Each structure stands twice: as structure tokens, then as C-alpha cells.
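Here is what each chain is made of, one letter per residue.
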Amino acid sequence: MERAISSARLAIEHFNRPYEEGRREAVLHFALHAHEMLMKAVLLQRGKSIQRRRESKSISVATALRMLGNQGEKVLTESETLSLTAVSNVRDAAQHSVVMLSEQTLYLQTQTAVTVFDKVLKQEFDVSLADFLPSRVLPVSTDPPTSLELLIDTEVSQVKALLEPGRRKTAEAKARLRPLLAIDLAAAGEERTATPLEVDRATNRLKQGRPWREVMPNLASLTLDASGTGQTYNVRLAKAKDAPPVKFAETEDEAESAAIIREVDNEQRYPFALTDLARLASLTAPQATAFVWKLGLKSDEKCCHTFQHGKSRFPRYSHEALSRMREAAAKFSPVEVWRQYRRQRQQDPGHEGQL
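So, here is what we can say about the structure in this document. Computed from a predicted structure; not experimentally measured. (Residues numbered from 1 in each chain as written. Predicted model: local features only at pLDDT ≥ 70, side-chain atom pairs only at ≥ 80, totals over all residues. Heavy atoms only, no water.)

## Focus: the overall build of the protein
Then step 1. Counting its secondary structure elements, the protein contains 16 helices and 4 strands.
Then step 2. Every one of the 355 residues in the protein was classed for burial, and the buried ones make up 46%.
Then step 3. Taking as baseline every contact in the protein between residues at least 6 positions apart, the subset at least 24 positions apart corresponds to 67%.
Then step 4. Total accessible area computed for the protein in this model is approximately 18,500 Å², and 48% of it derives from carbon and sulfur atoms. (Helix = DSSP H or I, 4+ residues; strand = E, 2+ residues; numbered from the N terminus. Buried < 20%, exposed > 50% of the residue type's maximum accessible area, 1.4 Å probe, protein only. Contact = heavy atoms within 4.5 Å. Areas by Shrake-Rupley, 256 points an atom, 1.4 Å probe, with all protein chains shown as cover.)

The structure is reproduced here in C-alpha cells:
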């Protein structure tokens, strides 16, 4: 827990730093590291494993979020999981790509990180972040966002201005767009940053004059949940109650009738074969097959899609499937799961063996 608090203090310190060199990247790095250490401390306190004996690294931030979310220990609400996924995605974009992060967007990410950190600290360890900070210390902004919609409108207006003919500022426009796409993906439950193809597609659509609510529909479904003042000021990202549903259009007819459409490259959405899942989860292929059966991954469209080439069918799996398999492999004995699967096959000879 001490390392978590140290990183939280460093994130706030860097946010309030009076010069810009490396400031944004440092804030995001320390904010996410603070949560990673805190979540692992919570899991250890609850008797959960954070590292498998045969792996050199402990669980990822994404796995920790899932283990503490509504489907796991229920430490984090859906809104808090969404907020931290957004912080993680924006941090990854800043660390691995060229991004231009506005002051308001940085403040939003920092304040949401501080809000959730303080809540978990109080709930699980009965201490407050304020206990480790002077009363004068907060993430301070002279221009905090008043609404998420206004913030995004401003950001997109700047992107569109950079894309005007003759400006030759496309690279800068993409750098400004990447953080917004990272939050859009977080709102869709995807723990990753936008691919170059997705960045190009979004850039081209904005250049064509399409509304940002169509280009980034998941982002359009969010709102700010803010309350309190001073050191008790809390901010979270939340799904807007009146937001229109986001629909994946599978056919041209659906694309015509859907109010909001987002095209998905299924080969990128489901990049893993069963052997890939086994390798990345440090399992044997039979054990991975057993976990696919136990977790019902093949029947979950978020986890599996079957591609067909002629008469051949090839199931492929998503990042969500990999995360669930890693989480389950840390919780259940792979050998015992395989034995359960084998018994099921013996009882039901028609049971599908190769997944």
C-alpha cells in the first residue's frame, strides 16, 4: 500500500508542476501505477493470488480491474472500472504513441484517478488519501472541464481545424484524437488503444464532416459524475442514462437503420487462435480448451467469433477472452479444470472436443 500512496502523491505533484516537460506522461504513469499497486494490495489482503508460480510477472492492470469489478470482488463499481480503464488506455496511448493531451483532458483523467483511489483506500484500508497529503495539496486546474460534452466538442473542433485543406497538420490532428479514441474504447469495455487503422478511419470521417457522436459513439454515451468540493471533490466517468444505445451493424440493412454505427474489424477484434490463448495464458492446449468450456467463451460474442472459409470454420478469440482465461487460470487449478472437462466429454461423447 505504501508504494501505491507514494505513486499517488507523485501523480498529484507532477500535475501541479509549473513546467510542462514530461508532465503529462509522468502524471498518467504515476496515476496508473498507484492504482495497480493499490488493487494488488487489496487482492492480497483478500487472499487472492496476483502471480502464478510459473510466470515472471504479476497480473496486469486489466486483470486486476476485472478481478475487483462487478464480476469479481465487487470492490469497484461499473463507473469506477470504466474510469480506470480510460486512465489506463490514455496512459498507454501517451506512452506508446504520439499524443497531444489537452489540460482539461489531463485534469479529467487525474481527478477521476484520485477519486477512485481515495474511495478504495477508505473502503479497504480505513484511511484517506488526505491523511498522506498537506491540506493545500490537490490536483489544481485553472480551467477544469464543466461538462464532458463541452470538453469533447472543444477537442474535436481543434482536430477539425487542423484537418482543414492546406493546413498540413494531419499528424497533429491524430495526436489530439488518440486520447479521445482511448476513452471511447474504454467506454466500449476494451482495454487497449486505437490501432493506426482506427485512428485513420476516425480522422477521415471527421474530415468528411461527420459528427463526433457518430465517429465515437461510445464516448457520446458518457457523462461526468461530479460531487463535493475541495479535497472531497469527486469525479467519475459514467454511462449517461439517456444515451442512445450503441449498435454493431452486421449487415448493410442494419447499417442503414442504426442511429449510431461503428464499424468493427473482426480480425482485429478476435486476433487469437486457441493455441495463442494457451501460450499467452501459460497453459497447455488441452487446458486452454478446458477453460474455454468452463468459462463458456465460445458462446459469448465478446470473446469468440467463428470465421468461415468455404466449408471450414475457425473460431478466434478476443482480448476479453484472454483476460478471462488468465484470471480463471489464477483462480482455478488448470489440471482440475481439465479433469472436469474430460469427465464431461466422457459423459457426453458428442461434446465438442476441439474449440
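## Regarding the state of the cysteines
Then step 1. Taken as a whole and assessed by the stated rule, the structure comprises 0 disulfides.
Then step 2. In this structure Cys-303 is a free cysteine whose sulfur lies 8.2 Å from that of Cys-304, the closest cysteine sulfur available.
Then step 3. For Cys-303, a relative accessible area of 0% puts it in the buried group.
Then step 4. Cys-304 gets classed as buried once you look at its relative accessible area, which sits at 7%. (Disulfide = S-S within 2.5 Å.)

## Brief notes about the environment of Ile-152
Then step 1. Residue position: Ile-152 is located in helix H6 (residues 148-162).
Then step 2. Residue Ile-152 is classed as buried on the basis of its relative accessible area, which comes to 2%.
Then step 3. Here the alpha-carbon distance between Ile-152 and Gln-104, two residues 48 residues apart in the chain, equals 9.8 Å.
Then step 4. In this view, Ile-152 contacts Trp-212 and Leu-219; residues no more than four positions away in its chain are not counted.

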